[in-house]
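Listed below are the residues making up each chain.
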Amino acid sequence: MMQRRAFLTLTAAAGTLTAPAILRAQSRPVIKVGLGPQQPTQADTRRVWEPVYKIVCDRAGADLHLNVANDWAGIAVAIANEQVDVAQMGPWGYVLARANGGARPINMMLVNGNPFYKALIVGRPGLKISKFPDDAKGMSMQMLDTGSTSGWLVPTYFLRQRGIEPKTFFGRYAEGASAAAAQMATINGQVDLATGWDTHRNTMIKNGMMQADSNQVIWESDPLPNECVVVRKGLDQALADKLQAAFNGLSEEEKKLLPPPYTGFVSTTHEPYEVLEKMGRDLGVLKVSS
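Computed from a predicted model, the values in this text were never measured in an experiment. (Residues numbered from 1 in each chain as written. Predicted model: local features only at pLDDT ≥ 70, side-chain atom pairs only at ≥ 80, totals over all residues. Heavy atoms only, no water.)

A word on the packing of helix α2 (residues 42-59) against helix α9 (residues 237-248). Viewed as axis vectors pointing N to C, α2 and α9 meet at an angle of 130°, and their least axial separation amounts to 8 Å. Between α2 and α9, the interaxial angle falls into the category oblique. Here α2 runs over α9; the crossing is right-handed. Within the contact between the two elements, α2 uses Tyr53, Val56 and Arg59 and α9 uses Leu243, Ala246 and Phe247. Of the residues contributing to the contact of α2 with α9, the split by class is 5 nonpolar, no polar and 1 charged. (Axes fitted to C-alpha atoms, helices over the stretch in contact; angles between N-to-C directions. Helix = DSSP H or I, 4+ residues; strand = E, 2+ residues; numbered from the N terminus. Parallel < 35°, antiparallel > 145°, perpendicular 65-115°, else oblique. Left-handed = near helix turned anticlockwise from the far one by under 90°. Contact = heavy atoms within 4.5 Å. Nonpolar A, V, L, I, M, F, W, Y, C, P; charged D, E, K, R; others polar.)

This part is about the sheet that holds strand β10 (residues 216-220). Pairing is mixed across the open sheet formed by 5 strands, whose spatial order is β8-β7-β9-β6-β10. Each edge of the open sheet carries a strand with a single partner, namely β8 (172-177) and β10. Direction aside, neighbouring strands of the sheet carry axes that sit 30° apart on average. Relative to β8, strand β7 (residues 140-144) is paired through 4 bridges, and the arrangement is parallel. The residue bridging serine 140 from the neighbouring strand is arginine 172, located in β8. Of the strands in this sheet, β6 (119-123), β7, β8, β9 (193-197) and β10 are in contact with helix α5 (residues 149-160), which crosses β7 at around 130°. On the sheet, helix α7 (residues 179-187) packs against β6, β7, β8 and β9 and is oriented at approximately 140° with respect to β9. (Pairing = 2+ DSSP bridges.)

Below, the discussion takes up the packing of α7 against helix α8 (residues 198-206). The relative placement of two packed helices is expressed as an angle between their axes plus a distance between the axes. Contact pair α7 / α8: the axes reach a minimum separation of 11 Å and the direction vectors enclose 70°. Viewed along their axes, α7 and α8 adopt a mutual orientation that is roughly perpendicular. Note on packing geometry: the crossing formed by α7 with α8 is right-handed. Touching Ala179, Ala180, Gln183 and Met184 of α7 are His200, Arg201 and Met204, all from α8. Its residues assigned to classes, the contact of α7 with α8 comprises 4 nonpolar, 2 polar and 1 charged.

On to the packing of aromatic side chains, then. One pass over the structure, following the stated rule, counts 8 aromatic pairs. A centroid spacing of 4.7 Å and a plane angle of 45° characterise the contact between phenylalanine 247 and phenylalanine 265, whose relative ring orientation is tilted. Taken together, the residues span a long stretch of sequence, with phenylalanine 247 in helix α9 and phenylalanine 265 in strand β13 (residues 262-267) at a distance of 18 residues. Of the two residues, phenylalanine 247 and phenylalanine 265, both sit in the buried class. Three or more aromatic residues joined by ring pairs form one cluster here, namely Trp49, Tyr53, Phe247, Tyr262 and Phe265. (Phe/Tyr/Trp six-rings, centres within 6.5 Å; stacked < 30°, edge-to-face > 60°. Buried < 20%, exposed > 50% of the residue type's maximum accessible area, 1.4 Å probe, protein only.)

A separate point is the sheet that holds strand β4 (residues 104-111). What links the strands of a sheet is backbone hydrogen bonding, and the strands pair in either a parallel or an antiparallel sense. Across the sheet, which stays open at both edges, the 6 strands sit in the order β2-β1-β3-β12-β4-β13 with mixed pairing between neighbours. The open sheet has two edge strands, β2 (63-68) and β13, and neither has a second partner. Sheet twist, expressed as the average angle between the axes of neighbouring strands with direction ignored, equals 25°. In this sheet, β2 lies alongside strand β1 (residues 30-35) in parallel orientation, the contact comprising 6 bridges. Paired with valine 30 across the strands is aspartate 63, a residue of β2. Running at roughly 155° to β2, α2 makes contact with β1, β2, β3 (86-89), β4, β12 (228-231) and β13 of the sheet. Its contacts with the sheet place helix α3 (residues 72-80) against β1, β3 and β12, and it is angled at close to 145° to β3.

Take a look at the structure:
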C-alpha cells in the first residue's frame, strides 16, 4: 500500500513538472510587426495589412502582434533597436536600419508584378523646361523628408553628381512634405517642382485624386529596388526563413488582399539595395563599416 501511494505521489509530481513543458510546446511565438503610415490613418493601415500578416505569421507557426507607427522614422528606429521583429520599409529606410542595427531583408514587394519603381520630379502645369536640371535654376523645389528614397536621397544624389547643391540652386527650397502634399503643391501652382515616385503618382491618378495632366513629369530616375520586408538582426534564421516562404507562398486569391498596386512578394538579399547604400555614402549621410 505504501509502495502504491509512493508511486501515485511520484506520478502526480511528474505531472506537475511536465505540464508547463507541455504548455510551452503548445504555445506559439509572437511576431511583433511594425508598419509605417502607408494609408491615410493608422486604422486604415491596420485594416489593410493585418489580414495579410496574419496569414503569413500563421504559416510560420506564430501569432501576430501588429503596431502601426506615426511616421517612417519610427519604424526604422524600432527595427534597428530590435523593438519589433519584422517591418515593412522603404528602400532607404531599410538601408539606414541595416547600418544602424543590422536589420536584414527577406522579401521585396512587387508593384504591378515588378520589383522596381522610379523616382520622379514633377512640375506645375505649363512649366517650361527644355533641359533638366539646367533650365530649373532659380525655380522653387519641394522635396520630401530626408528619410525618403525617391523624395530626397535619389534626386539629391542626381543633382550633386552634376555639381548642383539643391539648397542654393533652387530659388526656394524646402524639405519635409508628404508625397501627396508635394504633388498637390505643383498642381495648385504653389511650387514649380516637387519630388515623388511613379507608383504613388499613378495611384493618385487611379484613385481620382489627380489627372494625368494635372502636373507634368520633368525627370525620372533609373529603376530602383522596391520597398522590402525586413527582420531584426537577432531574429532566429529558421523563423525568418519560414516568414520568407510564407510571403512567397501567398495564393492568387490571398494576393487580392494586398492594397493596389502591390501584387506580391519575392525573396531578396541586400544586393539590390547596394546602389542606395553607395548613394548614402557618397552624400555623406551614411557610414557603413562593412
